[in-house]
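# Structural characterization, general
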Amino acid sequence: MSRKEKREKTSAELAPALGARETLRWTWRQLTSMRTALFLLMLLAITAVPGSIVPQRGVDARRVETYLLDHPDLGPWLDRLGFFSVYTSPWFSAVYLLLMISLVGCIIPRCLVYARALKARPPRAPRNFSRLPASAVFEVDAEPEAVLEAGRKALGRSRTDVDTDLLEVRSEKGYLRELGNLIFHVSIVVVLVSVAIGALYSYRGAAVVVQGDSFANTLTQYDEFSSGALFDTDKLPYFSLDLKKMQAQFLETGAQRGSPKLFRATVDYQTSQDGASKPYRIEVNHPLIVDGTGVFLVGQGYAPVLKVTDAQGKVVFDDAVPFLPSDPSYTSSGVLKVPDAQPDQLGFQGFFLPTALVQGDKVPSTSIFPAAQFPLLGLFAYRGDLGLDEGIPQSVYVLDKKNLKQFTKNGKALRISLQPGQRAKLPDGSTIEFRDLLLFARFQVADTPLVKVPLVGTSLGVLGLLLSLFIQPRRTWIRARREGSRTVVEVAALDRAPRDDLPDDLDHLVERIRHQLGEPKETT
Amino acid sequence: MSLEQYAQLSNYAIAAGTVVVALAFLAHLAEWGFALRSEPAKELVAADGSVPVEGATTGSAGVVDDEDPDRSTVFSSVGVSVAWLATLVLLVGVVTRGLAAQRVPWGNMYEFACTGTLIALAVYLVLVRVWDIEWLGVVVTGFSLVLLGIGFSVYVPAGPLVPALHSYWLVIHVAAVMTAGALFLLSAGASALYLVVDRAERRGTVGKVLGRLPTSANMDRLAFRLVAVGFPLWTFGALIAGPIWAYYAWARFWGWDPKEVWALITWIAYAVYLHARVTAGWKGRRAAVIGLIGFATFLFSFYGVNLIFGGSMHTYAK
Ligand code: HEM
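## Regarding the overall build of chain B
Along its length, chain B carries ten helices and zero strands. Starting at the N terminus and ending at the C terminus, chain B contains elements arranged as α-α-α-α-α-α-α-α-α-α. Considering chain B as a whole, with its 318 residues, one finds that 58% of them fall into the buried category. For chain B, long-range pairs separated by at least 24 residues make up 80% of all intrachain contacts whose partners lie at least 6 apart in sequence.

## Some details on the packing of helix 10 (residues 452-470) of chain A against helix 8 (residues 216-250) of chain B
In a packed pair of helices, the relevant descriptors are the angle between the two axes and the axis-to-axis distance. Taken N-terminus to C-terminus, the directions of helix 10 of chain A and helix 8 of chain B make an angle of 175°; their axes are 10 Å apart at the nearest point. Viewed along their axes, helix 10 of chain A and helix 8 of chain B adopt a mutual orientation that is roughly antiparallel. Here helix 10 of chain A contributes A:Leu455, A:Thr458, A:Ser459, A:Val462, A:Leu465, A:Leu466, A:Leu469 and A:Phe470 to the contact with helix 8 of chain B, which in turn contributes B:Phe224, B:Ala228, B:Val229, B:Phe231, B:Pro232, B:Thr235, B:Phe236, B:Leu239, B:Ile240 and B:Ile244. Looking at side-chain class alone, the contact of helix 10 of chain A with helix 8 of chain B contains 15 nonpolar, three polar and no charged residues.

## Quick look at a nonpolar patch on the surface
Residue and element names in this part refer to chain A. Together, Val186, Val190, Val193, Ile197, Leu200, Tyr201, Leu230, Leu450 and Val453 give the surface a local cluster of nonpolar side chains, amounting to about 660 Å² of exposed area. Per-element tally for the nonpolar patch: the top contributor is helix 9 (residues 175-200), with five residues. Among the residues examined, Val193 registers a relative accessible area of 35% and is labelled partly exposed.

## Quick word on the packing of aromatic side chains
Evaluated as defined, the whole model comprises 30 aromatic pairs over all chains. Consider the rings of A:Tyr302 and A:Tyr330, whose centres lie 6.2 Å apart with planes at 80°: the pair is edge-to-face. Of the two residues, A:Tyr302 sits in strand 11 (residues 293-309) while A:Tyr330 sits in the loop between strand 13 (324-325) and strand 14 (332-338), which places them 28 residues apart along the sequence. For the ring pair B:Phe298 and B:Phe302, a centre distance of 5.3 Å and an interplane angle of 25° mean the geometry is stacked. Taken as a pair, B:Phe298 and B:Phe302 lie in helix 10 (residues 285-308) at a separation of four residues, close to a single helical turn. With respect to class, B:Phe298 is no different from B:Phe302; both count as buried. Members of the aromatic cluster, each reached through a chain of ring pairs, are B:Phe112, B:Phe143, B:Phe184, B:Trp234, B:Tyr270, B:Phe295, B:Phe298 and B:Phe302. Here the basic side chain of A:Arg159 rests over the ring of A:Tyr175, its NZ or CZ set 4.2 Å away from the ring centre.

## Some thoughts on the domain arrangement of chain A
You can read the domains of chain A as domain 1 (20-116), domain 2 (129-174 + 472-517) and domain 3 (203-447). Here domain 1 of chain A and domain 3 of chain A have C-alpha centroids that lie 41 Å from each other.

## Structural notes on the coordination of the iron atom of the ligand
Looking at the metal site, the iron atom of the ligand is ligated by A:His185 (NE2) and B:His275 (NE2), spaced 1.8 to 1.9 Å from it. Considering all six donor atoms around the iron atom of the ligand, angles at the metal cover 82 to 179° and the coordination shape is octahedral. Placement of A:His185 in helix 9 and of B:His275 in helix 9 (residues 258-278) is noted, with the two residues assigned to different chains. The pair A:His185 / B:His275 is uniform in exposure class, with both members buried.

## Section: the site of the ligand
Inspection of the region around the ligand gives 22 residues, with A:Cys106, A:Arg110, A:Phe184, A:His185 and B:His275 positioned closest. Between A:Arg177 and the ligand, the recorded distance is 3.2 Å, taken from a side-chain N or O atom to an oxygen atom. B:His275 places a side-chain nitrogen or oxygen 2.5 Å from a nitrogen atom of the ligand. Going through the elements one at a time, helix 3 (34-48), helix 7 (90-119), helix 9 and helix 10 of chain A together with helix 9 of chain B are the ones with two or more residues in the shell around the ligand. Tallied by class, residues from the shell around the ligand come to 13 nonpolar, seven polar and two charged.

## Brief notes about the pairing of strand 4 (residues 203-210) of chain A
Residue and element names in this part refer to chain A. Strand 4 sits mainly inside the fold: seven of its eight residues count as buried. Of the strand pairs in this sheet, strand 4 and strand 6 (residues 224-227) are connected by four bridges, and their pairing is antiparallel. Bridging from a neighbouring strand, Gly205 pairs with Phe225 of strand 6. Taken together, the eight bridges between strand 4 and strand 22 (residues 431-447) define a ladder with antiparallel strand orientation. Residue Ala207 lies in a different strand from strand 22, and its bridge partner there is Phe443.

## Overview of the nonpolar core
Grouped together as the largest cluster of nonpolar side chains are 117 residues, with contacts concentrated most on B:Tyr124, B:Trp135, B:Leu136, B:Phe231, B:Trp234 and B:Tyr273. Listed in part, the 53 residues of the second largest apolar core include A:Leu288, A:Leu297, A:Leu336 and A:Phe348.

## Digging into the sheet that holds strand 3 (residues 168-173) of chain A
Residues and elements named next belong to chain A. Within the open sheet, the five strands sit side by side as 1-24-23-3-2. Their pairing is antiparallel. Taken across any chain shown, the strands that pair with only one partner, and hence form the sheet edges, are strand 1 (134-140) and strand 2 (159-163). On average, each strand axis in the sheet is tilted by 15° relative to the strand beside it, whichever way the strands run. Pairing between strand 3 and strand 23 (residues 474-483): six bridges, direction antiparallel. In the sheet register, Glu168 faces strand 23, and the bridge partner there is Arg479. Together, strand 1, strand 2, strand 3, strand 23 and strand 24 (486-495) form the strand contacts of helix 8 (residues 144-154), whose direction differs from that of strand 23 by roughly 160°.

## Quick word on the state of the cysteines
All names here are of chain A. Scanning the entire structure with this criterion turns up zero disulfides over all chains. Free of any disulfide, Cys111 has its nearest cysteine sulfur in Cys106, 9.9 Å distant. For Cys111, a relative accessible area of 31% gives the class partly exposed.

## A word on the sheet that holds strand 8 (residues 260-270) of chain A
Working definition: the strands of a sheet are paired by backbone hydrogen bonds and lie parallel or antiparallel to each other. Residues and elements named next belong to chain A. Judged by pairing direction, the sheet is antiparallel, and its four strands sit side by side in the order 5-7-8-9 without closing on themselves. The open sheet terminates on both sides in strands that have one partner only, identified here as strand 5 (214-216) and strand 9 (278-283). Each neighbouring strand pair of the sheet contributes to a mean axis angle of 30°, computed without reference to strand direction. Where strand 5 meets strand 7 (residues 240-250), three bridges bridge the pair, whose relative direction is antiparallel. Paired with Ser214 across the two strands is Asp242, which belongs to strand 7.

Conventions we followed
Residues numbered from 1 in each chain as written. Chains lettered and ligands numbered in written order. Predicted model: local features only at pLDDT ≥ 70, side-chain atom pairs only at ≥ 80, totals over all residues. Heavy atoms only, no water. Helix = DSSP H or I, 4+ residues; strand = E, 2+ residues; numbered from the N terminus. Buried < 20%, exposed > 50% of the residue type's maximum accessible area, 1.4 Å probe, protein only. Contact = heavy atoms within 4.5 Å. Axes fitted to C-alpha atoms, helices over the stretch in contact; angles between N-to-C directions. Parallel < 35°, antiparallel > 145°, perpendicular 65-115°, else oblique. Nonpolar A, V, L, I, M, F, W, Y, C, P; charged D, E, K, R; others polar. Patch = residues over 30% accessible without salt bridge, like charges linked within 9 Å, V, L, I, M, F, W, Y side chains within 5 Å. Areas by Shrake-Rupley, 256 points an atom, 1.4 Å probe, with all protein chains shown as cover. Salt bridge = Lys/Arg side-chain N within 4 Å of Asp/Glu carboxyl O. Phe/Tyr/Trp six-rings, centres within 6.5 Å; stacked < 30°, edge-to-face > 60°. Lys NZ or Arg CZ within 6 Å of the ring centre and 35° of its normal. Domains from an automatic or database assignment. Donors = N, O, S within 2.8 Å, 3.2 Å for Na, K, Ca; no water. Tetrahedral: all angles 85-135°; square planar, octahedral: opposite > 155°, others 65-115°. Near = heavy atom within 4 Å. Polar contact = N/O pair within 3.5 Å; in protein donor to acceptor, adjacent residues only side chain to side chain. Pairing = 2+ DSSP bridges. Core = buried A, V, L, I, M, F, W, Y, C linked by side-chain atoms within 4.5 Å. Disulfide = S-S within 2.5 Å.

Following this line, the structure appears as structure tokens:
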């Protein structure tokens, strides 16, 4: 292979001026050469590195925003160069595409060569055996034809031709090596292509469901939703589930106190509007799979049930409000919007601590244990216009304070602290009551079609790889000629990938031939 | 025995195992030291690296002091025997750790270090019988010490797993990846020594010490064989079992998490290595350098990612 490459290069260098077609061909040959593939592979590894150092939008958009705030000079430049979405950036895609082209350009000709090699017979013996890496000469009594027949048997399962005119046996084995190599490389292409196609038809979304509530698989029920370019959001498969019970248990004692022990969402689910509902326990590592769509438990937290009565004594809110945890001890933050309150709309923003640590008169602000052992809700209250009527979609977790006025007490921001069962009165006469504490589950719903293809592809690729690494191609020749009353037998072998056990193997072959002929073991 | 007693026993066994590994390391150091002491034999080696006839009969042993017939060889086999002992003691430590925590003993960085060391030593001791690779002993035991040292720095008492780790894919994924890592370690050792010996061979300065080692061609072949076994295992562990597990735990097969990115980088590095081996002009030294880079990326994906990138989803395995 190397010699051929060298020859091609010199002729390219000698060519005075390359025409357009030659230039194209030259470029193609360069692109599909092994050296270029090596270079592109290394380049791919190097270009993948920044994505592991700088936060990525596709992985954690919030960390990207934090990074931009922390690095006001560097950040915007990195953003312009695509460092926050490395794996979809033009430069990463370029390397990836070139590698694909190089790979395909490499595989196709090799497949053709392989197809021809499959039909070809083992080549004729070289004249001079002593030049080959391993050879042997011995004499026997048997006729040359008998020797050749014995040789054919001794060679076992190799592809073997016996030439009775030239009195030689030609044999070749190890075709599976190249086949394995081709399977491996083809499987890389299959994996890359199927992952890309699968992404076009995939969807994923996240939804928060409070204990006792239900969820149906329609667009409006999702907090977050994204889908591939070719996915039709009207075709979401039907299913719905009721969250009967949510459990979150933590280690109470020991060195790992506070570590999670069990998260379990017990649900009843239906796969058709009027079908019967079936129970299921969704746990981490144990999703519910409906029609290819997986429902995964990816998070949980607390949802205090709050009841708000406005200044006119009307109950304007009575529901569970999920507070999103921000640390392993479930220090959580959340927002409550009460648009129906009169005369002004009301808004609350604050935190929830499952186990608040109270030290003196200091207001606790972090939780020290994730389970609800000493739950405490801390809220700031606002009144005015929540800005919900402007038609701009708003996150339920963010309070738009533009047209809101904060309640105060003695000139300082009014701070409400509630434990379950407690109630607080606001200066305008409205009240807020912490009625109950529930858990919520955060489900990730995702369907990626074709997922089996990359998995099967990679597995086949590994099998191909094993063949290409461990099968040893070898050519063997046996020649016999009559000299007087004896037959001189010459044996030689050549490995495509040089190995050190070749001489031993050849000795064994000689032994097997002699054994076939009923000759005694050779004494050396 | 109670869980606490198992945990205690595990801690004692790991500590004792570490001491025995250190002894094996010292024995291997002594092996090299004694080889160095009989260095005067170096003059017997001709400039072209060939050994004069009298010394050649005993192969690498050459001419030695009569009173200590190659202490170096003695220490080499002492090293291997002590490494066996260390492996058994560590095995006790790892098994009792598993009993104490009532799960497979690879759920956090401390346990990765202990089990990883155990696997590396075991793979080495098995291969010593197949391929005569005692000369890698100093690399393996030295590295094991470093690994155990890192392990102690991130010690956590035995306890149950966080829910995300509750999966039999954990068992498969981590076992495959750690065994591949052990093979990569041995390969890296062979590649590093290859570079040293290859240089000496070309300069004709193969002395008593390096003379104990196999030829550079042999080391090169060994480094390749180890990667040839390790690479498919890594592909399976990191790129098949890993994504399947990630799917059940996090609802996606592949999410460009730093740990996943670095597993892929390691995979690419070793793919480049395998290619380099079959490409003329990249054989030998360049391939060896790529092999070492591959091992560096492996170490990084194993430890670096957990220690440096706080944002990785895999950091609960601290
Ligand atoms: C993406 C990653 C790739 C991986 C992991 C990979 C892996 C491998 C492996 C393991 C071998 C077997 C080595 C042996 O025969 O002992 C091999 C051989 C080969 N690869 Fe790749 N390959 C990749 C991409 C490519 C590309 C893009 C090309 C084309 C330009 C290519 C061209 C070749 C060739 C020509 C051989 C055979 C060399 C020979 O047997 O003489 N590979 N590859």
